[in-house]
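# Remarks on the overall topology
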Amino acid sequence: MDKNKLQIIIASDGCESAKGICVVFDVLRASSVECHLHLVGAKKVFPQESVEETLKMKSQNKDAILLGERDGEKIEGFDFGNSPSEILNNSDKIKDKICYHNTTAGTQAFNKCIQNKNVKEVLIASPNNLSATIKYLKKYLGKEDICLVAAGSLSYCLEDFLICEYLKSLLIGEKPKMSMEEIIEKVKGTTGAKFFQNIKCYPSVDFGLCFKLDVFDKVLKLVNGECIKIENN
């Protein structure tokens, strides 16, 4: 396999080098939130960049659900923050609703990649749908350029880079440098530490939900601004 066709990039360094099929990871928490929105039966999910544009969606459709954060805190005027546990606890309010999702890093990276003319597809992934994503990518391995994108910076979102490395190893049939358990312990003491410091907008339960493997068995793909689930035949 041509290893140049499979690379890891850091979104904070710019998504200009992305090409082919991009798989964007924002484990804590945007990618995991998108998995959970589909898991509870949201009708449609739209990752957004502009807070102003997202707020407009509510004025156009009062039944729309707005979710998101800036610096971890729920955005004023939004219904919910960027929390998988909040989604599970409010599944009855989210099921069958059109959802707009806007975050500091993750949804920005999703959209930046799709705006790159060299990118053919953008997938949204976390441990929650890791196996489905790997199965999908294996069909294109060695045939298409594949970019694994860590949504944040290494100092802010180390978990995204580590999961990218983990997926890359599994994809090419190598043993990962770190097991999932080792990754979790590493992240707990570094960029995920805030989830264990009794900060209201970072509940510790979210950490566990974001790293829960394969609770969602679909691939998530960004199509015309919408995050859709696709069958993985």
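Here's what I pulled together on the structure shown here. Numbers given for residues are sequential positions, taken from 1 along each chain in its written order. Only residues with pLDDT of 70 or above have their local features reported here, since the model is predicted, and side-chain atom pairs are shown and tallied only from 80 upward, although totals for entire chains, interfaces and linings are computed over all residues. Think of the side-chain values as coming from all heavy atoms in the structure, minus any hydrogens and water.

## Considering helix α7 (residues 158–171)
This is how it is decided: Labels follow the DSSP assignment, with helices taken as runs of H or I lasting at least four residues and strands as runs of E lasting at least two, numbered in each case from the N terminus. Any helix carries an expected span of 1.5 Å times its number of residues minus one. Type-normalised accessible area, obtained with a 1.4 Å probe on protein chains alone, sets the label of each residue: buried when under 20%, exposed when over 50%, and partly exposed for intermediate values. Contact criterion: two residues are considered in contact whenever any of their non-hydrogen atoms come within 4.5 Å of each other.
Here α7 spans 20 Å end to end across 14 residues, near enough to the 20 Å set by a 1.5 Å rise per residue. Within α7, 10 of the 14 residues are buried, which leaves it mostly tucked inside the rest of the structure. Listing the buried residues of α7 in full gives Leu 158, Glu 159, Asp 160, Leu 162, Ile 163, Cys 164, Tyr 166, Leu 167, Ser 169 and Leu 171. The inward-facing, buried residues of α7 abut β1 (6–10), β2 (20–25), α6 (130–138), β8 (146–150) and α8 (180–188). At the C-terminal side of α7, Gly 173 shows a positive phi close to 80°.

## Some details on the pattern of salt bridges
Short version of the rule: When a carboxyl oxygen of Asp or Glu is within 4 Å of a side-chain nitrogen of Lys or Arg, the pair counts as a salt bridge.
For the coordinates displayed, the defined rule picks out 10 salt bridges. Measuring nitrogen to oxygen at the nearest pair gives 2.7 Å for the salt bridge that ties Lys 112 to Glu 49. On the criterion of sequence distance, the pair formed by Lys 112 in helix α5 (residues 106–114) and Glu 49 in the loop between β3 (44–48) and α2 (51–60) is long-range, its members being 63 residues apart. Across the salt bridge formed by Lys 56 and Glu 53, the nearest N and O atoms sit 3.2 Å from each other. With Lys 56 and Glu 53 both in helix α2, this residue pair falls 3 residues apart, about one helical turn. According to the relative accessible area criterion, Lys 56 is partly exposed, its value standing at 41%. Residue class for Glu 53 comes out partly exposed when judged on its relative accessible area of 37%.

## So, empty space enclosed by the protein
Heads up, the condition is: Definitions used throughout: a 1 Å grid over protein atoms alone; a cavity as a set of points that fits a 1.4 Å probe which cannot get out; a pocket as an open set with protein on both sides within 12 Å along at least five of seven lines; a lining residue as one with an atom within 4 Å of a point. Grid points are joined across faces, edges and corners, and a volume is the space filled by probe spheres set on the points. Three classes are used, and their members are as follows: Ala, Val, Leu, Ile, Met, Phe, Trp, Tyr, Cys and Pro are nonpolar, Asp, Glu, Lys and Arg are charged, and the others, Gly among them, are polar.
By the definition in use, this model includes 2 cavities of 30 Å³ or more. What the largest cavity holds in volume is close to 130 Å³. Along the wall of the largest cavity there are 15 residues; nearest its centre are Leu 28, Arg 29, Glu 69, Asn 82 and Tyr 156. For the lining of the largest cavity, a count of residues per class yields 6 nonpolar, 5 polar and 4 charged. For the second largest cavity, the calculated volume is near 60 Å³. Leu 162, Glu 165, Tyr 166, Ser 169, Pro 176, Lys 177, Met 178 and Ile 183 are the residues that line the second largest cavity.

## A closer look at the pairing of β2
Our working definition: Here, strands pair whenever DSSP counts at least two bridges between them.
With 6 of its 6 residues buried, β2 lies for the most part within the structure. With 6 bridges connecting them, β2 and strand β7 (residues 119–125) associate as parallel partners. Note on β7: the bridge partner recorded for Val 24 is Ile 124.

## Let's talk about the state of the cysteines
What makes a disulfide is a covalent bond joining the sulfur atoms belonging to two cysteines. The condition that has to hold: Criterion for a disulfide: a pair of cysteine sulfur atoms within 2.5 Å.
One pass over the full model with this rule turns up 0 disulfides. Note on Cys 147: no disulfide assigned, nearest cysteine sulfur contributed by Cys 22 at a separation of 4.7 Å. In this structure Cys 210 is not part of a disulfide, and its nearest cysteine sulfur, from Cys 35, lies 9.4 Å away. Judged by relative accessible area, which is 0%, Cys 210 ranks as buried.

## Here we look at the environment of Lys 97
With respect to the helices and strands, Lys 97 occurs in the loop between α4 (91–94) and β6 (98–102). C-alpha separation for the pair Lys 97 and Ala 42, spaced 55 residues apart in sequence, amounts to 5.3 Å. Other than its neighbours up to four places away in sequence, Lys 97 contacts Ala 42, Lys 43, Lys 44, Asp 63 and Ile 65.

## A closer look at the side chain of His 36
Turning to its location among the elements, His 36 is positioned in helix α1 (residues 30–39). The buried category is assigned to His 36, whose relative accessible area is 2%. With sequence-adjacent residues up to four places away left out, His 36 is seen in contact with Pro 84, Ile 87, Leu 88, Asn 128 and Leu 209.

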